[in-house]
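Each chain, written out:
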Amino acid sequence: MDSSNKNSDRVAALDAIRAIGAKSVPYLRRELRRNDSKPAEWLAKVVGAPFDYTPAIEYKERALDAIRVLGPSAQEIQPELEKMLRRGELPLKVAATITIVNSNAVEVLVECLSHTNSSVRQAVAWAVSKAGPHNEQSVDKLLFVLNDADGEVRKEAAYSLGVIRMFPDRVLPQLTASLSDANFYFQTAIQIAIGSYGTNARSATPALLALLNEYQGGRKGSVVATLRMIDEPAASQAGFGRSDLVRMLRSSDEQDKLVAGVAIWHSQDKAHEFIPALADALSDTNITVRRLAMTSLGNYGKFASNALPVLAIALEDPSESLRFAATSAVRRIDPTWFATNSTRN
């Protein structure tokens with residue numbers, strides 16, 4: 001069966017589950033409890049057809065898809081999901097499913113932040129911000145995970161703290177201390193989390209100013225973005241006000257353009273004075289600068305409509321990533337554009 005048929009069958013199955021509703025929960029519970037059959041697996045491998053074999057994991061994935069479709073009406077299946085999570089089975093999908101069937105399942109997820117399996121800890125650190133209600137205990141557990149041995153776990157915990165955005169007096173000192181971590185992706189997540197607190201995070205200004213002297217290009221740009229989100233006067237004094245970023249984006253210096261491009265995109269500053277410079281950057285020779293400009297222009301929606309002719313040219317760019325960025329930007333600026341320009345896709 002080809003992929004298109006499989007996808008249509010999947011859609012039909014999910015529609016059927018949606019129609020049946022909560023009455024399908026007993027069946028889905030049985031699917032989650034499936035185990036692999038070694039004899040059947042052996043027959044399929046050695047003999048082949050008609051002894052086709054589908055691993056238990058595939059049945060479980062389909063069941064999880066169906067449970068997410070049912071949402072809170074399938075909450076009675078949560079104990080089975082908790083068992084799977086503790087066993088480390090499909091942790092990301094299971095953690096996500098738990099938050100969908102019960103948005104108040106934060107205690108279950110927080111408990112698994114100390115799981116011995118790093119994949120479980122990572123999945124839960126990601127999912128916990130989508131559940132609630134949060135309190136000092138759940139936030140403290142995430143703060144503890146900022147010291148996890150696994151960088152991916154630390155990163156997801158930082159992102160979640162930024163989404164939860166509670167208890168700044170408890171959280172911000174530890175986030176600021178983590179800015180010195182050597183893991184780039186974790187440090188970026190820390191910066192995003194700090195920025196989410198806005199002006200309440202001004203205590204992090206000295207640490208961010210110090211980082212400006214250490215980095216160049218995109219890494220420096222993300223620091224500038226965070227600084228502008230929490231302390232715009234300090235950013236302007238350091239030479240990264242709005243007019244400075246416009247000048248840098250139009251500079252011939254590659255590092256300046258990257259700093260400005262990342263800073264504007266990362267901070268999602270929608271000051272209209274950036275639009276002409278971003279439109280000009282669509283013709284830059286640096287592919288990263290062009291992609292950043294496309295993404296930022298998309299954030300402006302209809303206010304960036306003057307950039308559509310240049311974005312339309314980018315739809316034919318040899319770079320797949322640029323074509324994708326251009327397509328996304330055009331759709332965000334004018335959702336009807338492709339319908340009225342049917343020769344493009």
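Going along each chain's sequence as written, the residues are numbered from 1 onward. With pLDDT at 70 or above as the cut-off, local features in this predicted model cover only qualifying residues; side-chain atom pairs require 80 or more to be listed or tallied, and sums for whole chains, interfaces and linings still use all residues. The side-chain quantities take in all heavy atoms of the structure and omit both hydrogens and water.

A closer look at the overall build of the chain
Helix and strand assignments come from DSSP, with helices taken as H or I runs of at least 4 residues and strands as E runs of at least 2, each series counted from the N terminus. Scanning the chain from N- to C-terminus turns up 22 helices and 0 strands. Across its three principal directions, the C-alpha atoms of the chain cover 70 × 55 × 40 Å. Per-residue accessibility, obtained with a 1.4 Å probe over protein chains only, is compared with the maximum for each type, and a residue is labelled buried under 20%, exposed over 50%, and partly exposed between these values. Within the span of the chain, comprising 345 residues, buried residues form 49% of the whole. Partitioning the intrachain contacts of the chain with sequence separation of at least 6 by distance along the chain shows that 64% fall at a separation of at least 24. Here the accessible surface of atoms and residues is derived via Shrake-Rupley with a 1.4 Å probe, and residues count as covered only by protein chains that are part of the display. Accessible surface, the chain as shown: approximately 17200 Å² in total, 51% of it carbon and sulfur. The contact definition used throughout considers only heavy atoms, calling two residues in contact when any of these lie within 4.5 Å.

Focus on the nonpolar core
Note on soluble globular proteins: their nonpolar side chains tend to be buried together. The term nonpolar core refers to a set of buried residues drawn from Ala, Val, Leu, Ile, Met, Phe, Trp, Tyr and Cys, joined through side-chain atoms within 4.5 Å. Counting residues in hydrophobic clusters, the biggest one holds 102 residues, and the most contacted among them are Leu81, Leu85, Leu109, Leu146, Leu175 and Leu245. Sorting elements by how many residues they give to this core places helix α21 (residues 320–333) first, with 6 residues. Leaving out residues up to four positions away in the same chain, Leu85 has contacts with Pro91, Val94, Ala95, Ile98, Leu109, Cys112, His115, Val120 and Val124.

Describing the environment of Arg332
Summarising the element assignment, Arg332 is placed in helix α21. With a relative accessible area of 45%, Arg332 lands in the partly exposed category. Residues Arg332 and Lys302, 30 residues apart in the sequence, show an inter-C-alpha distance of 7.7 Å. Residues within four places of Arg332 in sequence aside, it is in contact with Thr295, Gly298, Asn299 and Gly301.

Section: the environment of Cys112
If you trace the backbone, Cys112 turns up in the loop between α7 (106–111) and α8 (118–127). The class for Cys112 is buried, based on a relative accessible area of 4%. Taking the C-alpha atoms as reference, Cys112 lies 32 Å from Ile230; in sequence the two are 118 residues apart. Setting aside its immediate chain neighbours within four residues, Cys112 contacts Leu85, Arg86, Val120, Arg121 and Val124.

As for helix α10 (residues 151–164)
Multiplying 1.5 Å by the helix residue count minus one yields the expected span of that helix. Here α10 spans 20 Å end to end across 14 residues, near enough to the 20 Å set by a 1.5 Å rise per residue. Across the 14 residues that make up α10, a large majority, 11, are buried. Those residues of α10 that sit buried are Gly151, Val153, Arg154, Lys155, Glu156, Ala157, Ala158, Ser160, Leu161, Gly162 and Ile164. For α10, the elements touching its buried residues are α8, α9 (136–145), α11 (168–177) and α12 (184–196). What qualifies as a polar contact is a pair of N or O atoms within 3.5 Å, subject to a donor-acceptor requirement within protein and to the restriction that residues adjacent in sequence count only when both atoms come from side chains. Measuring from the backbone nitrogen of Glu152 back to the side-chain oxygen at the start of α10 gives 2.8 Å, which picks out Asp150 as the cap. Just downstream of α10 lies Arg165, where phi reads positive at about 55°.

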